[in-house]
Amino acid sequence: MNLDKLKGHVPDSVISQIPGIQAKFEINTPLRLAHFLAQCGHESGGFKLVKENLNYGAKGLLGIFPKYFNAETAALYERKPEKIANVVYASRMGNGDKTSGDGWKFHGRGFIQLTGHDNYKAFSAAINEDCVANPDLVATKYPLASAAWFFNKNGLHKIADEGATDAVVTKVTKRVNGGTIGLDDRIKHFKEFHTLLA
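Keep in mind it's a predicted model, so treat the numbers as computed, not measured.

Participant: Looking at this structure, how should I read helix H8 (residues 117-127)?
Facilitator: Working note: α-helix, 3.6 residues per turn, so residues spaced by three or four point in the same direction. All buried positions along H8 are accounted for by His117, Asn119, Tyr120, Phe123, Ser124 and Ile127. Taken down its axis, H8 places every buried residue within 165° of arc, on the same side. Turned more than 90 degrees away from the buried face of H8, the exposed residues are Lys121 and Ala125. If you follow the buried residues of H8, they end up packed against helix H9 (136-140) and helix H10 (143-153). Phi turns positive, to about 60°, at Asn128, one or two residues after H8.

Participant: So what exactly am I meant to see when it comes to the pattern of salt bridges here?
Facilitator: Side chains bearing opposite charge may pair, as long as their charged atoms lie close to each other. Overall, the coordinates contain nine salt bridges when judged by the stated rule. Residues Asp12 and Lys7 are paired through a salt bridge, measuring 3.6 Å at the closest nitrogen-oxygen approach. Exposure remark for Lys7: the relative accessible area of 45% places this residue in the partly exposed category. Taking the shortest distance from any N to any O, the salt bridge between Arg186 and Glu43 comes out at 2.7 Å. Of the two residues, Arg186 is situated in helix H13 (residues 183-197) and Glu43 in helix H3 (residues 30-43); the sequence distance between them amounts to 143 residues. Residue Arg186 is classed as buried on the basis of its relative accessible area of 0%. Note on Glu43: relative accessible area 22%, which makes it partly exposed. Taken together, the salt bridges that share partners define one network made up of Lys51, Arg109 and Asp136.

Participant: Even after reading the chapter, I still don't get the packing of H3 against H10, so can you show me in this structure?
Facilitator: A pair of packed helices is characterised by two quantities: the angle between their axes and the separation of those axes. Running from N to C, H3 and H10 cross one another at 120°; their axes reach a closest spacing of 11 Å. In terms of crossing hand, the pair formed by H3 and H10 is right-handed. Between H3 and H10, the contacting residues are Arg32, His35, Phe36, Gln39 and Cys40 on the first element and Leu144, Ala147, Ala148 and Phe151 on the second. The residue makeup of the contact of H3 with H10, split by class, is six nonpolar, two polar and one charged.

Parameters and conventions
- Residues numbered from 1 in each chain as written.
- Predicted model: local features only at pLDDT ≥ 70, side-chain atom pairs only at ≥ 80, totals over all residues.
- Heavy atoms only, no water.
- Buried < 20%, exposed > 50% of the residue type's maximum accessible area, 1.4 Å probe, protein only.
- Helix = DSSP H or I, 4+ residues; strand = E, 2+ residues; numbered from the N terminus.
- Arc of directions from axis to C-beta.
- Contact = heavy atoms within 4.5 Å.
- Salt bridge = Lys/Arg side-chain N within 4 Å of Asp/Glu carboxyl O.
- Axes fitted to C-alpha atoms, helices over the stretch in contact; angles between N-to-C directions.
- Left-handed = near helix turned anticlockwise from the far one by under 90°.
- Nonpolar A, V, L, I, M, F, W, Y, C, P; charged D, E, K, R; others polar.

Worth remembering: the numbers are spatial, not functional.
Here it is as structure tokens:
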């Protein structure tokens, strides 16, 4: 697979990490890599964002997290990312309750947001480095590897094998995103990367 074809389309710092993830996480065909990079590119705003932005206003909190906030509590929590994370990620994914601070400690990091204590622990075991003790490693050292781990763990490499159609990109997107937010952009990136890598 000629990764040089990605130059100018994917940052060099990302291209240099691809060989390290290909065999380990089974992203080892041009089709799988095109699907993977399309999702990473969209989720990270073009490979720029490596941390979840939880700096929501009250209206945003009510729209995105209606299960956790009402008009009164949203006003108290708006523009307080740490407090927001500790509420919305409390007591799930292996996190402690909202007073534990785990929600913030294990908020989303990496090109496909790795979230929650249990995921950080499992990823740490996969790479043999303790990201539970030092969660920022996911953002600084392993943004691509953590995304590749997620891709592999969730069987996305196998879905990618189904082909190069918009329907397959949609299927991958639903597994990554839980819906189809940004689908047009993901499809556009997939076609670009698939053409480059074919």
